[in-house]
Amino acid sequence: MSTPLYDALRALAARDTARFHMPGHKGVSAGGFPFSIDYTETYGTGNLYEDEGPIMHAERAAAQTYHADDCLFLTGGSTQGVLTLLAAACRTGGEVLLDRNCHRSVCHALALLDLTPHFIQTEPDPVYGFCRPLTAAQAAAALDAHPACRAFFLTSPNYYGVRQPLREIAAVCRARGVPLLVDCAHGAHFPALGLPTPVEEGAAACVMSAHKTLPALGQAALILSDGTLDHRELRESSRLFGTTSPSYPILASIDCARDWLEQTDWNPVAEAARALHEHLYASTPFFPLTERDYAIDPTRLTICTLGTDLSGYEMADRLYQEYNIAVEMADSRNIVCILTPFDLDGNLDRLTRALDELSLTAAGRLLPDPLPPLPAPRAACSVRQAWFAPRETMPLDRAIGRVCARPVTPYPPGVPIVLPGEEITAEHVVFLQKICYNEDCEVVK
Ligand SMILES: Cc1ncc(COP(=O)(O)O)c(C=O)c1O
């Protein structure tokens with residue numbers, strides 16, 4: 001086991017030092033919490049933002065595991081990573097090319113950095129409803145249409161596990177001298193499946209949430225990069241959006257998760273997921289998303305309920321209420337489960353039995369109309385202007401023709417349908433009603 005940061009913290013904890021420093025728990029396990037290794041900068045732990053000590057060694061070990069030139073640990077989730085990447089690559093006030101599938105943290109970056117987004121919107125998949133992956137030709141056309149863009153920012157995999165053809169898109173970006181940045185929040189486990197990271201596929205940098213798929217604490221995330229973006233610029237940008245008291249247990253949990261990842265074979269769980277796909281296809285009315293549909297992360301289980309009388313929300317609810325099974329997320333037509341090797345110990349069998357039972361009571365239903373395509377975004381002002389303008393709250397259907405002030409974001413998956421600065425149209429309202437989103441929205445006064 002090689003975990004330099006975790007080892008340094010445990011050695012400190014073992015010294016029985018009188019801890020006249022924060023955090024206030026002083027390492028005492030009050031209420032059962034394991035506070036003993038909860039340090040921030042102190043003797044021998046180094047400073048997250050200074051490239052030193054065991055954190056730096058732990059980051060280097062992670063860079064090796066992920067076959068990247070460089071790695072930075074983060075304690076603010078992929079949210080901090082998204083802000084960091086866009087600040088380092090675009091600075092302020094420039095243009096950036098984005099897929100419309102991006103997480104709401106991208107919208108926060110646009111507001112904070114005053115970036116002008118140019119979105120590429122692909123058509124929705126008629127069954128699962130998410131936007132299809134881009135093609136390299138679409139990426140090339142968009143880059144040629146917007147030559148001033150300082151970066152191309154893509155999400156891969158998406159919440160449903162669908163991966164973009166990054167190798168081809170990276171080649172297109174490289175030919176034009178534009179750095180490809182990838183939100184890979186859901187892909188921190190890829191090396192254990194033999195899947196390439198975005199940086200291995202040619203991206204300049206990517207962010208991953210260690211806490212989403214690895215045994216790491218909430219907010220644990222990392223940035224991988226290939227050296228295209230200046231290391232100090234990335235580090236400084238992460239400091240800009242991070243706390244000055246980063247949690248070392250969070251950082252050490254990345255260290256331990258990386259070590260665990262090196263020693264853990266995820267192929268059995270991928271095989272179990274594939275077997276479940278086949279079983280659901282053969283024996284139930286549910287449609288699992290499979291490698292026949294798209295290039296996917298085989299451990300992300302997306303099951304579509306179209307064609308039955310259950311919505312994704314209802315299926316998630318019944319799994320929880322009747323079977324004590326909690327899914328990662330549901331939307332109007334899908335449930336999504338995150339599978340890891342820990343689920344081989346009974347969880348997957350329970351899920352299979354529950355889905356079998358649900359399939360017996362799920363009545364068939366005519367397929368609904370496909371989701372209407374989303375209208376092309378019409379920006380009335382910048383994201384930043386709209387975000388910081390005076391605003392008011394109103395029901396969605398009264399907001400037609402108004403300028404959106406806060407992202408209209410069904411959560412999860414956290415992908416904004418209307419961004420600040422864009423006009424809310426009747427088509428948006430129809431689309432949002434179709435996916436059962438009914439919340440009030442905030443508009444510019
Ligand atoms: C695609 C994507 N990117 C970024 C994030 C933000 O990640 P974090 O919660 O680690 O800040 C999420 C969160 O769900 C996400 O789904």
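Residues numbered from 1 in each chain as written. Predicted model: local features only at pLDDT ≥ 70, side-chain atom pairs only at ≥ 80, totals over all residues. Heavy atoms only, no water.

**Digging into the domain arrangement of the chain**
- Per the domain assignment, the segments making up the chain are domain 1 (4-263), domain 2 (267-361) and domain 3 (383-444).
- The gap between the C-alpha centroids of domain 1 and domain 2 is 28 Å.
- With 23 residues of domain 1 in contact, the opposing surface of domain 2 contributes 26 residues.
- Of all residues in domain 1, Tyr128, Tyr159 and Tyr160 bury the most surface against domain 2, accounting for 37% of the area lost on that side.
- Put simply, domain 1 and domain 2 have 0 salt bridges between them.
- Put simply, domain 1 and domain 2 have 15 residue pairs in polar contact (both at pLDDT 80 or more) between them.
- Looking at side-chain class alone, the side of domain 1 that touches domain 2 contains 14 nonpolar, 5 polar and 4 charged residues. (Domains from an automatic or database assignment. Contact = heavy atoms within 4.5 Å. Buried area = accessible area lost by both parts, 1.4 Å probe. Salt bridge = Lys/Arg side-chain N within 4 Å of Asp/Glu carboxyl O. Polar contact = N/O pair within 3.5 Å; in protein donor to acceptor, adjacent residues only side chain to side chain. Nonpolar A, V, L, I, M, F, W, Y, C, P; charged D, E, K, R; others polar.)

**Brief notes about the state of the cysteines**
- Under the criterion given, the structure shown has 0 disulfides.
- In this model Cys102 remains outside any disulfide bridge; the closest cysteine sulfur is found in Cys107, 7.7 Å from its own.
- Sulfur of Cys206: no disulfide; nearest cysteine sulfur belongs to Cys184 and is 5.3 Å away. (Disulfide = S-S within 2.5 Å.)

**Notes on the nonpolar core**
- Counting residues in each nonpolar core, the largest one holds 82 residues, and the members touching the most others are Phe152, Leu180 and Leu319.
- For this core, the element with the most residues is helix α9 (residues 248-263), which contributes 7 residues.
- There are two domains that each give this core at least three residues, and those are domain 1 (4-263) and domain 2 (267-361).
- Counting residues in hydrophobic clusters, the runner-up holds 33 residues, among them Leu86, Val96, Val106 and Ala205. (Core = buried A, V, L, I, M, F, W, Y, C linked by side-chain atoms within 4.5 Å. Buried < 20%, exposed > 50% of the residue type's maximum accessible area, 1.4 Å probe, protein only. Helix = DSSP H or I, 4+ residues; strand = E, 2+ residues; numbered from the N terminus.)

**Concerning the sheet that holds strand β10 (residues 329-330)**
- The strand order across the open sheet built from 4 strands is β8-β9-β11-β10, with neighbouring strands paired in antiparallel fashion. Each end of this open sheet is capped by a strand with a single partner; those strands are β8 (287-288) and β10.
- Two strands pair when backbone bridges link them, and β10 and strand β11 (residues 334-338) are joined in this way by 2 bridges, in the antiparallel orientation. Bridged to Met329 within β11 is Val336. (Pairing = 2+ DSSP bridges.)

**Thoughts on the site of the ligand**
- For the ligand, the set of nearby residues contains 13 residues, the closest of which are Thr79, Asp183, His186, Ser209 and His211.
- Here an oxygen atom of the ligand and a backbone polar atom of Ser78 are 2.8 Å apart.
- At a separation of 2.5 Å, a nitrogen atom of the ligand approaches a polar side-chain atom of Asp183.
- For the ligand, whose accessible area on its own is 390 Å², the fraction buried by protein is 88%.
- With 3 residues, the single largest contributor to the shell around the ligand is helix α3 (residues 77-90).
- Here the residues of the shell around the ligand sort into 3 nonpolar, 8 polar and 2 charged. (Near = heavy atom within 4 Å. Areas by Shrake-Rupley, 256 points an atom, 1.4 Å probe, with all protein chains shown as cover.)

**A look at the sheet that holds strand β1 (residues 70-74)**
- Overall, mixed pairing links the 7 strands, which are arranged β1-β7-β6-β5-β4-β2-β3 in an open sheet. Edge positions in the open sheet fall to β1 and β3 (116-120), since each of these has one partner strand only. The sheet shows a mean angle of 20° between the axes of neighbouring strands, taken without regard to direction.
- Here 5 bridges tie strand β6 (residues 205-209) to strand β7 (residues 221-225), and the two strands are oriented antiparallel to one another. (Axes fitted to C-alpha atoms, helices over the stretch in contact; angles between N-to-C directions.)

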